[in-house]
Amino acid sequence: QVQLVESGGGLVQAGGSLRLSCATSGRTSSPNAMGWLRQAPGKEREFVAAIRWSAGRTYYADSVKGRFTISKNNANYTVYLQMNSLKPEDTAVYYCAAALIFRTKITGPGDYDYWGQGTQVTVSS
């Protein structure tokens, strides 16, 4: 069993920055990939960013490219999401997710095996 715990959400003004963290426990080997997805009220959960654990390759949604950066700490299986130049449309609950086995696509909610409880990010205009 894998547990994922997010932290770092909060309220920020437009143009500001936040850094989300996702701590992983309950597993002794690295996942194949980890990702961040978000869900705004009344909308479906959408992909934000992902990282292949071994190769370090990163993937981003077009809406966050150039503003968000996903990174990882191999020592403690922690993944981060640095969010800069935040916009009101970035307001959502942000979820950390882990894909334990290789999948060609890691940009959809169905591509992940474990999820955190989510952390709220609110960007005021």
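Scroll up to find the structure.
Quick caveat: nothing in here was measured; it's all calculated off a predicted structure.

Engineer: Describe in detail the pattern of salt bridges, supporting the description with residues and values.
Structural biologist: Scanning the entire structure with this criterion turns up six salt bridges. Between lysine 65 and aspartate 62 there is a salt bridge whose closest N-O contact spans 3.2 Å. Taking the relative accessible area as the measure of exposure, aspartate 62 reaches 66% and is therefore exposed. Residues joined in a network through salt bridges with shared partners are Arg38, Glu46, Arg67 and Asp90.

Engineer: Just give me the short version of the sheet that holds strand E3 (residues 18–25), but keep the residues and values in it.
Structural biologist: Taken in spatial order, the four strands line up as E1-E3-E8-E7 in an open sheet, and their pairing is antiparallel. Strands with a single pairing partner mark the edges of an open sheet, and in this sheet they are strand E1 (3–7) and strand E7 (68–73). Strand-to-strand twist in this sheet, taken as the mean axis angle between neighbours without regard to direction, amounts to 15°. With six bridges connecting them, E7 and strand E8 (residues 78–83) associate as antiparallel partners. Bridge assignment links isoleucine 70 to a residue of E8, and that residue is leucine 81.

Engineer: Can you break down the state of the cysteines residue by residue, with the values?
Structural biologist: Within the structure shown, the criterion is met by one disulfide. Here cysteine 22 is linked by a disulfide to cysteine 96, with a sulfur-sulfur distance of 2.0 Å. What sets the handedness of the cysteine 22 and cysteine 96 disulfide is the S-S torsion sign, and at about -80° it is left-handed. Remark: cysteine 96 occurs in strand E9 (residues 92–99) and cysteine 22 occurs in strand E3; sequence separation between them is 74 residues. Cysteine 96 shares its class with cysteine 22; the two are buried.

Engineer: Which residues make up the pairing of E9, and what values do they have?
Structural biologist: Most of E9 is tucked away: seven of the eight residues are buried. Direction of pairing for E9 relative to strand E10 (residues 114–115): antiparallel, over a ladder of two bridges. Looking at E10, one finds that alanine 98 is bridged to tyrosine 114.

Engineer: Outline the nonpolar core, listing residues and values.
Structural biologist: Among soluble globular proteins, nonpolar side chains are generally buried collectively. Core analysis: the biggest nonpolar cluster contains 35 residues, and Trp36, Val79, Leu81, Met83 and Tyr94 have the highest contact counts within it. At the level of secondary structure, the elements contributing two or more residues to this core comprise E3, strand E4 (33–39), strand E5 (46–52), E7, E8, E9 and strand E11 (119–124). Sort the elements by how many residues they give to this core and E9 lands first, with six residues. Residues within four places of valine 79 in sequence aside, it is in contact with Leu20, Ser21, Cys22, Met34, Trp36, Ile51, Trp53, Ile70, Ser71, Lys72 and Cys96.

Engineer: Go over the pairing of E4 with me, naming the residues and quoting the values.
Structural biologist: When you tally the buried positions in E4, you get six out of seven residues, the bulk of the element. Between E4 and E5, which pair antiparallel one after the other, the connecting turn spans six residues, and glycine 42 there sits at a positive phi close to 75°. Pairing analysis gives seven bridges linking E4 to E9, with the strands arranged antiparallel. Of the residues in E9, the one forming a bridge with tryptophan 36 is cysteine 96.

Rules behind the numbers
- Residues numbered from 1 in each chain as written.
- Predicted model: local features only at pLDDT ≥ 70, side-chain atom pairs only at ≥ 80, totals over all residues.
- Heavy atoms only, no water.
- Salt bridge = Lys/Arg side-chain N within 4 Å of Asp/Glu carboxyl O.
- Buried < 20%, exposed > 50% of the residue type's maximum accessible area, 1.4 Å probe, protein only.
- Pairing = 2+ DSSP bridges.
- Helix = DSSP H or I, 4+ residues; strand = E, 2+ residues; numbered from the N terminus.
- Axes fitted to C-alpha atoms, helices over the stretch in contact; angles between N-to-C directions.
- Disulfide = S-S within 2.5 Å.
- Core = buried A, V, L, I, M, F, W, Y, C linked by side-chain atoms within 4.5 Å.
- Contact = heavy atoms within 4.5 Å.

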